[in-house]
Amino acid sequence: MPSSLLRQDVLPVAVGYLLLMGALAAGLRLLRRAGGPAGTGRDGAPGTASGRPGPPGIPGPPAAGWARLARRYAGTVLGGYLLLMAVVILYYYGVARVSGPFIVSAFTGCALLIGLSTPVFALASWLDVRRRARRRHQAGG
Amino acid sequence: MAEHPVIGYVVWAVLFGALFAWEGLALSHISGVPTLSDAFRAIMRYPAGRWALFALWLWFGWHIFVRGWHFLLRA
């Protein structure tokens, strides 16, 4: 096996695999510590500011819920983007100088993906909240 | 298919097979194994976990849709 293949492909994939498995293991440990599946009480879901569904008859979350969701989304996007760019730069200068506009492609390509997915996410969240509110309304009378 | 070594496809098939096997085991409730959704939900409680998962999602999308899916079968 050529050393460039080891350095450029096997090593990063192995590190990524270990990071993912480590994160999953941490998640499972947290689950065990919490005493069962963490299926309830998820933070950040589109809903009220507290994350709980609002009272029946109200057609959607209060503005505070949307503001909180937007803040959470912005924080996640910015943090994830910066983290990936840091990893890409470390990979490029520390492991392998990939040919072509690698770093430019990382910055612009990932920004493009975020730009494309944000309106889809916003629309899906709005539709989900509407659907839940309608269901609550029907269940309430 | 002929452009890439068969081993690449085999490795990806095994990885995805293991993933589906894990999820199937978890959903069958016979093993006490938490589902992947449960694990991801636990990770996403914390900002650093959300950043890491979003970075992973971006990395995957970047390679699939921007750089081309051939990257995943490079050998």
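Worth saying up front: this structure is predicted, and the values here are computed from it rather than measured.

1. Focus: the overall build of chain B
Here comes step 1: Looking only at helices and strands, chain B has three helices and zero strands in total.
Here comes step 2: Listing each helix as α and each strand as β along chain B from the N terminus yields α-α-α.
Here comes step 3: Counting all 75 residues of chain B, 17% fall into the buried class.

2. Thoughts on the overall build of chain A
Here comes step 1: A tally of helices and strands in chain A yields three helices and zero strands.
Here comes step 2: Per-residue burial over chain A gives 11% buried out of 141 residues.
Here comes step 3: Here the analysis covers contacts within chain A between residues at least 6 apart in sequence; of these, 52% occur between residues at least 24 apart.

3. Notes on the interface of chain A and chain B
When the parts of a complex come together, some accessible area is lost, and that lost area is often used as the size of the interface.
Here comes step 1: Listed by partner, the interface residues are 27 residues for chain A and 24 residues for chain B.
Here comes step 2: Mapped onto the side of chain A that touches chain B, the elements with two or more residues apiece are helix H1 (3-34), helix H2 (63-94) and helix H3 (102-140) of chain A.
Here comes step 3: Broken down by element, the side of chain A that touches chain B gets its largest block of residues, nine residues, from H1 of chain A.
Here comes step 4: Of the residues belonging to the side of chain A that touches chain B, the class tally is 16 nonpolar, eight polar and three charged.

4. Focus on the confidence of the model for chain A
Here comes step 1: In this model, chain A carries an average pLDDT of 76, and 70% of its residues clear a pLDDT of 70 or more.
Here comes step 2: Under a pLDDT of 50 for its full length, residues 38-59 of chain A has, in the predicted model, 43 contacts with residues more than four places off or in other chains.

5. Regarding the nonpolar core
Side chains of nonpolar character tend, in soluble globular proteins, to be buried together.
Here comes step 1: Counting residues in each nonpolar core, the largest one holds 11 residues, listed as Tyr81, Leu84, Val88, Ala106 and Cys110 of chain A together with Trp51, Ala52, Phe54, Ala55, Leu58 and Trp62 of chain B.
Here comes step 2: Listed by contribution, the elements that provide at least two residues to this core are H2 and H3 of chain A together with helix H3 (47-66) of chain B.
Here comes step 3: With near-sequence residues (within four places) excluded, cysteine 110 of chain A lies in contact with Tyr81 and Leu84 of chain A together with Leu58 and Trp62 of chain B.

6. Details of helix H1 (residues 6-27) of chain B
Residues and elements named next belong to chain B.
Here comes step 1: Here H1 contains 22 residues, and its C-alpha end-to-end distance of 31 Å stays within 8% of the 32 Å for a straight helix at 1.5 Å per residue.
Here comes step 2: Counting buried residues in H1 gives zero out of 22 residues, a small share hidden from the surface.
Here comes step 3: Backbone geometry just after H1 places histidine 29 at a positive phi near 60°.

7. A few points about the packing of H2 of chain A against H3 of chain A
Two numbers describe a pair of packed helices, the interaxial angle and the distance between the axes.
Residues and elements named next belong to chain A.
Here comes step 1: The N-to-C vectors of H2 and H3 enclose an angle of 160°; their axes lie 11 Å apart at closest approach. Taken together, the axes of H2 and H3 are roughly antiparallel relative to one another. In this structure, H2 meets H3 at a crossing whose hand is right-handed. In contact with Leu69, Val77, Tyr81, Leu84, Met85, Val88, Ile89 and Tyr92 of H2, H3 contributes Phe102, Ile103, Ala106, Phe107, Cys110, Ile114 and Ser125.
Here comes step 2: Classifying every residue of the contact of H2 with H3 by side-chain character gives 14 nonpolar, one polar and no charged.

8. Topic: H3 of chain B
Here comes step 1: The first and last C-alpha atoms of H3 of chain B sit 27 Å apart over 20 residues, in line with the 28 Å expected at 1.5 Å per residue.
Here comes step 2: Positioned one or two residues after H3 of chain B, glycine 68 of chain B has a phi angle of 105°, which is positive.

9. What to know about the packing of H3 of chain A against H3 of chain B
Here comes step 1: With their axes 9 Å apart at the nearest point, H3 of chain A and H3 of chain B run at an angle of 100° to one another. It follows that H3 of chain A is roughly perpendicular to H3 of chain B by the angle criterion. Facing Ser105, Ala106, Gly109, Cys110 and Leu113 of chain A of H3 of chain A, the residues of H3 of chain B in contact are Leu58, Gly61, Trp62, Phe65 and Val66 of chain B.
Here comes step 2: Classifying every residue of the contact of H3 of chain A with H3 of chain B by side-chain character gives seven nonpolar, three polar and no charged.

10. Some thoughts on the environment of leucine 19 of chain B
Here comes step 1: Residue position: leucine 19 of chain B is located in helix H1.
Here comes step 2: Taking C-alpha positions, leucine 19 of chain B is 8.8 Å from leucine 36 of chain B, a pair spaced 17 residues apart along the chain.

Parameters and conventions
Residues numbered from 1 in each chain as written. Chains lettered and ligands numbered in written order. Predicted model: local features only at pLDDT ≥ 70, side-chain atom pairs only at ≥ 80, totals over all residues. Helix = DSSP H or I, 4+ residues; strand = E, 2+ residues; numbered from the N terminus. Buried ≥ 20, exposed ≤ 12 C-beta atoms within 10 Å, placed from the backbone. Contact = placed C-beta atoms within 7 Å. Nonpolar A, V, L, I, M, F, W, Y, C, P; charged D, E, K, R; others polar. pLDDT = per-residue confidence, 0-100. Core = buried A, V, L, I, M, F, W, Y, C linked by C-beta atoms within 7 Å. Expected span 1.5 Å × (residues − 1). Axes fitted to C-alpha atoms, helices over the stretch in contact; angles between N-to-C directions. Parallel < 35°, antiparallel > 145°, perpendicular 65-115°, else oblique. Left-handed = near helix turned anticlockwise from the far one by under 90°.

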